[in-house]
Amino acid sequence: MNSLTGFGPIATADSKILILGSMPGVQSLQKTQYYGHPRNAFWPIMAALFNDFDSIDYEAKKHMLERGGIAVWDVIQNCNRCGSLDAHIEKTSIQPNNFRCFFNEHPNITTVFFNGATAEKLFKSFVLSTLDPSINTRVYHRLPSTSPANAGLSLHEKTRIWKSALAAVL
C-alpha cells in the first residue's frame, strides 16, 4: 500500500459548483494534475461544456473552470491505496478534506456534483455528518465517473449527461 496525499482545490471566491472526485489516480498524482490520465473523460467533457477546445495546457484548463464558476476537489485528503482504483483504497486509512472550512471560504457554492458513485459514498460516509445541517442547503448530484475504468458509457454518453446536469445549474 502506498500512502497518498491529494491536491488542494481548484476554486475561486466566485465558484458556484463543486465537482468532487474520490482521490487522484497514479498518473494524476505523478503529473500533479486533476484528471491527468489521458483517457479520463473529465477534461474533454469540460471543453465541450465551455466550447473551449483550445485549452490543452493544464493552467488554461484550470482557468476555464474558474471562469465558469466551477471548483474541483476530492473527498479524500490522505489514504493508503495500491494502484489507481478506488476499490483498492484502504478504508481505515481515509482522511477526508476539511469541507467545513472549504464551504465557509466558498459560500457561493450551491451545488455539488460527485464524479462517480465512490466520491458520493465517501462524502456521505466521512463528510456529510460533519457539516452543520442548518446551513447545509447545497444540492448534491451524482454523475457517471469520468474514469476510463467506467467503460459502461461512451465518451459521447458521459458528455451528454454531464453537460445536461451542469448546464441546468450554470
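Since this is a predicted model, take the numbers as computed values, not measurements.

Parameters at a glance
Residues numbered from 1 in each chain as written. Predicted model: local features only at pLDDT ≥ 70, side-chain atom pairs only at ≥ 80, totals over all residues. Heavy atoms only, no water. Pairing = 2+ DSSP bridges. Helix = DSSP H or I, 4+ residues; strand = E, 2+ residues; numbered from the N terminus. Salt bridge = Lys/Arg side-chain N within 4 Å of Asp/Glu carboxyl O. Buried < 20%, exposed > 50% of the residue type's maximum accessible area, 1.4 Å probe, protein only. Axes fitted to C-alpha atoms, helices over the stretch in contact; angles between N-to-C directions. Parallel < 35°, antiparallel > 145°, perpendicular 65-115°, else oblique. Left-handed = near helix turned anticlockwise from the far one by under 90°. Contact = heavy atoms within 4.5 Å. Arc of directions from axis to C-beta. Nonpolar A, V, L, I, M, F, W, Y, C, P; charged D, E, K, R; others polar.

Q: Account for the sheet that holds strand β5 (residues 95–96), naming residues and giving values.
A: Spatially, β1-β4-β5 is the arrangement adopted by the 3 strands of the open sheet, whose pairing is antiparallel. Here the strands that pair on one side only, and so sit at the sheet edges, are β1 (2–5) and β5. Strand direction decides the pairing type here: strand β4 (residues 76–81) and β5, joined by 2 bridges, are antiparallel. Within β5, the residue paired with Asn78 across the bridge is Gln95.

Q: Could you give an account of the pattern of salt bridges, with specific residues and numbers?
A: Per the counting criterion, the structure on display carries 4 salt bridges. Among the salt bridges present, the one from Asp52 reaches Arg67, with a minimum N-O distance of 3.7 Å. Of the two residues, Asp52 sits in the loop between α2 (42–50) and α3 (58–67) while Arg67 sits in helix α3, which places them 15 residues apart along the sequence. Look at Asp52 and you get buried, because its relative accessible area is 15%. Salt-bridge contacts for Lys124 lead to Glu120; the nearest nitrogen and oxygen are separated by 3.3 Å. Of this pair, Lys124 and Glu120 both sit in helix α5 (residues 117–126), separated by 4 residues, roughly a single helical turn. For Lys124, a relative accessible area of 49% translates into the label partly exposed.

Q: Can you break down the packing of α2 against α3 residue by residue, with the values?
A: Two numbers describe how α2 lies on α3: the axes approach to 11 Å, and their chain directions differ by 50°. Judged by the angle between their axes, α2 and α3 are oblique. Both α2 and α3 take part in a crossing whose hand is left-handed. Contacts between α2 and α3 involve Phe42, Trp43, Met46, Ala47 and Phe50 from the former and Tyr58, Lys61, Lys62, Met64 and Leu65 from the latter.

Q: Requested: an account of α5, with residues and values cited.
A: Residues of α5 that are buried: Ala119, Glu120, Leu122 and Phe123. Mapping the buried residues of α5 onto a view down its axis gives an arc of 165°, with all of them on the same face.

Q: So what about the sheet that holds strand β7 (residues 139–143)? Which residues, and what values?
A: Taken in spatial order, the 4 strands of this open sheet run β3-β2-β6-β7, and their pairing is parallel. The outermost strands of the open sheet, each flanked by one partner alone, are β3 (70–74) and β7. Here the average twist between neighbouring strands, direction ignored, is 25°. As paired strands, strand β6 (residues 111–115) and β7 are joined by 5 bridges and run parallel to one another.

Q: Talk me through the side chain of Thr159; I want residue IDs and the actual numbers.
A: Its place among the elements puts Thr159 in helix α6 (residues 155–169). Look at Thr159 and you get buried, because its relative accessible area is 14%. If we skip the residues at most four places from it in the chain, Thr159 touches Ile45 and Ala48.

Q: So what about the pairing of β4? Which residues, and what values?
A: Of the strand pairs in this sheet, β1 and β4 are connected by 4 bridges, and their pairing is antiparallel. The partner of Thr5 across the bridge, within β4, is Asn78.

Q: Lay out the packing of α2 against α6 in plain terms, naming residues and giving numbers.
A: Two elements in contact, α2 and α6, have axes whose closest approach is 9 Å; the angle formed by their N-to-C orientations is 55°. Between α2 and α6, the crossing angle belongs to the class labelled oblique. Relative to α6, the crossing made by α2 is right-handed. Every residue of α6 that contacts α2 at Phe42, Pro44, Ile45, Met46, Ala48 and Leu49 is listed here: Leu155, Lys158, Thr159, Trp162, Lys163, Leu166 and Ala167. Of the residues that constitute the contact of α2 with α6, the class distribution is 10 nonpolar, 1 polar and 2 charged.

All we've got here are geometric facts, nothing functional implied.
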